[in-house]
Amino acid sequence: MSVAGKKTLDITLHEDAEMLARVKAAVAQATGKEPVVAAFPGYTDTAVIAGTTGNCNCLSYGPGTLAMAHKADEYVDEADIRRCQKVYEKLLDGWLWKS
């Protein structure tokens, strides 16, 4: 896969990555649902970071849907923003105060 138009990286899911485990745990704690991990078919700054650093162990998480992205009258549901806020709070709680 070409990332940031510079090089080809092996984009492999690393289930044992600490950040992924922490995000999944935060999603489960905040929402009570099992998180779904999947490749994102759109473009984000995550690809730039991975391409620039050579670190393919990057991830994106946030509100919104690809169906509404970059269209006239683009919007994100307030409930989706609040869900992500709860997840970020759980993530930071677990990360900053870990023993």
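The structure reproduced in this document is the subject of the present report. (Residues numbered from 1 in each chain as written. Predicted model: local features only at pLDDT ≥ 70, side-chain atom pairs only at ≥ 80, totals over all residues. Heavy atoms only, no water.)

### Topic: helix α1 (residues 18-31)
Note the threshold: Helix numbers and strand numbers start at the N terminus; a helix is a DSSP run of H or I with at least 4 residues, a strand a run of E with at least 2. Multiplying one less than the number of residues by 1.5 Å gives the expected span of a helix. Residue contacts are defined here by distance: any two heavy atoms, one from each residue, within 4.5 Å place the two residues in contact.
For α1, with 14 residues, the first-to-last C-alpha span of 20 Å sits near the 20 Å given by 1.5 Å per residue. Those residues of α1 that are buried lie in contact with α3 (78-96). The positive-phi residue at the C-terminal boundary of α1 is Gly32, with phi of around 75°.

### Observations regarding a nonpolar patch on the surface
We apply this condition: Patches here: salt-bridge-free residues with over 30% relative accessible area, like charges joined within 9 Å, nonpolar side chains (Val, Leu, Ile, Met, Phe, Trp, Tyr) joined within 5 Å. Calculation of accessible area relied on Shrake-Rupley with a 1.4 Å probe; when residues are assessed, cover is drawn exclusively from the protein chains displayed. The salt bridge definition used is simple: a Lys or Arg side-chain nitrogen within 4 Å of an Asp or Glu carboxyl oxygen.
A cluster of nonpolar side chains, contributed by Met19, Leu59, Leu92, Trp95, Leu96 and Trp97, occupies part of the molecular surface with about 640 Å² of accessible area. The element best represented in the nonpolar patch is α3, accounting for three residues. Mapped onto the elements, Trp95 comes out in helix α3.

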